[in-house]
Amino acid sequence: MSTTAEETARRGELGTFLRAHRERLAPDEVGLPVTARRRTPGLRREEVAALSGVGVAWYTWLEQGRVDTSRQVLDAVSRTLRLDGDAHRHVLALAGFAPQRTSADAAPAGAPEHDNLRTMIAGWPDSPALVLAPDLTITAWNTAYSTLWPDPGRLPADRRNLLLLLIDDPDHQRLLPAWEPFAQDLHRHFRAHADTLPGDDGVRALTERLHATRPDLAHWWACRSVGGFAPRTIEVTSKDRQLTYLVTLLTPAASAGTAPGSLLVHTPAPI
């Protein structure tokens, strides 16, 4: 069975992901001595191979995107690289051992799933909420959200991306002075989606725009960390008041052949 261009691209993403984590792991974290002669950042390939119980050549080919491998090998390499649960699942997804999204999976704004979510959040008068596409494009919002945050309806359509707004919009940063941890978590969430769709035009366009918009955050964009968005408490400065919200990202179950939007919900903290 021939390898498709998408499979080849995912294989390349897997190799890049493993290499990035190998270079971030200090030798003493896995019980290896640190010597003055060590020039390679992080672990050497032969060290990862030995600790994982695989051949050096095979692991080298894996990082180079030249081979497929078994789940057992990926489990062993993930343990060696000290990958957390999100990163381990991401490795398996890139290798084809978990359900993959395709570019056709992203439900467009106006699809039934988005209409249902839009109707649901409209009935939440005290909980600001957004519907987000997988690339964090804002596809719907309720009145509570546009009352608290700048109204997405007043923005050009190509600006309605939550990650772009957090990193580059002064009004969003004024309302949320501690915007950086929030944006970093969103970027890790986006990377988990983006790495499974290396050839997707929308993913590529947003990635390029992030680099162009904030080149000073190149260390963010180059980071290969992935992860689910963990609920977090934020302090929003609105009309000289500090408002506290628990922010949660929810992904409802998809109907067959589609990926619904995610819900970003602000739950007011008790006074």
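All of these numbers come straight from a predicted model, not from anything done at the bench.

Participant: Looking at this structure, I do not really get the pairing of strand S5 (residues 262-268). What am I missing?
Facilitator: Put simply, side chains in a regular strand alternate between the two faces of the sheet. Burial runs high along S5: 5 of the 7 residues are buried. As defined by bridge partners, strand S1 (residues 129-132) adjoins S5 across 4 bridges and the pair is classed as antiparallel. Bridging across to S5, valine 131 finds its partner in leucine 263. Direction of pairing for strand S4 (residues 241-250) relative to S5: antiparallel, over a ladder of 6 bridges. Among the inter-strand pairings, leucine 250 is bridged to a residue of S5, identified as leucine 263.

Participant: Quick question: what am I supposed to make of empty space enclosed by the protein here?
Facilitator: By rolling a water-sized probe across the atoms, one finds the places where empty space is left. Throughout the structure, instances matching the rule amount to 1 cavity of 30 Å³ or more. Roughly 40 Å³ of internal volume is contained in the largest cavity. Forming the boundary of the largest cavity are Leu130, Tyr145, Trp149, Leu162, Leu166, His172, Phe182, Leu264 and His266. Mapped by element, the contributors of at least two residues to the lining of the largest cavity are helix H8 (162-168) and S5. Its residues assigned to classes, the lining of the largest cavity shows 7 nonpolar, 2 polar and no charged.

Participant: Help me out: how do you make sense of the packing of helix H1 (residues 5-24) against helix H5 (residues 85-94) in this one?
Facilitator: In a pair of packed helices, the angle between the axes and the distance between the axes together describe the arrangement. Here H1 crosses H5 at 150°, and the two axes come no closer than 9 Å. Of the possible angle classes, the one that applies to H1 and H5 is roughly antiparallel. For the pair H1 and H5, the sense of crossing is left-handed. Here Arg10, Glu13, Leu14, Phe17 and Leu18 of H1 come into contact with H5, specifically with Ala87, His90, Val91 and Leu94. Looking at side-chain class alone, the contact of H1 with H5 contains 6 nonpolar, 1 polar and 2 charged residues.

Participant: Any chance you could explain the packing of H1 against helix H3 (residues 56-63) here in plain terms?
Facilitator: Where H1 contacts H3, the axes come no closer than 7 Å and their chain directions differ by 115°. In terms of axis orientation, H1 runs roughly perpendicular to H3. Two secondary-structure elements touch here, H1 through Leu14, Gly15, Thr16, Leu18, Arg19 and Arg22 and H3 through Tyr59, Leu62 and Glu63. For the contact of H1 with H3, the per-class residue count stands at 4 nonpolar, 2 polar and 3 charged.

Participant: Honestly, the environment of valine 30 in this entry has me stumped. Any pointers?
Facilitator: Relative to the helices and strands, valine 30 resides in the loop between H1 and helix H2 (45-52). With 21 residues separating them in the primary sequence, valine 30 and leucine 51 have C-alpha atoms 8.9 Å apart. Ignoring sequence-local partners within four residues, the contact set of valine 30 consists of Leu25, Leu43, Leu51, Thr80 and Arg82.

Participant: Any chance you could explain the pattern of salt bridges here in plain terms?
Facilitator: Any two side chains of opposite charge can pair, on the condition that their charged atoms come close. On inspection of all chains with the given rule, the structure shows 12 salt bridges. In this structure, aspartate 185 and arginine 188 form a salt bridge, with 2.3 Å as the shortest nitrogen-oxygen distance. With aspartate 185 and arginine 188 both in helix H10 (residues 179-194) and 3 residues apart, this pair spans about one turn of that helix. On the accessibility criterion, aspartate 185 (12% relative accessible area) is buried.

Basis of the calculations
- Residues numbered from 1 in each chain as written.
- Predicted model: local features only at pLDDT ≥ 70, side-chain atom pairs only at ≥ 80, totals over all residues.
- Heavy atoms only, no water.
- Buried < 20%, exposed > 50% of the residue type's maximum accessible area, 1.4 Å probe, protein only.
- Helix = DSSP H or I, 4+ residues; strand = E, 2+ residues; numbered from the N terminus.
- Pairing = 2+ DSSP bridges.
- 1 Å grid on protein atoms, 1.4 Å probe; cavity = no way out; pocket = protein on both sides within 12 Å on 5 of 7 lines; lining within 4 Å.
- Points joined across faces, edges and corners; volume = space filled by probe spheres on them.
- Nonpolar A, V, L, I, M, F, W, Y, C, P; charged D, E, K, R; others polar.
- Axes fitted to C-alpha atoms, helices over the stretch in contact; angles between N-to-C directions.
- Parallel < 35°, antiparallel > 145°, perpendicular 65-115°, else oblique.
- Left-handed = near helix turned anticlockwise from the far one by under 90°.
- Contact = heavy atoms within 4.5 Å.
- Salt bridge = Lys/Arg side-chain N within 4 Å of Asp/Glu carboxyl O.

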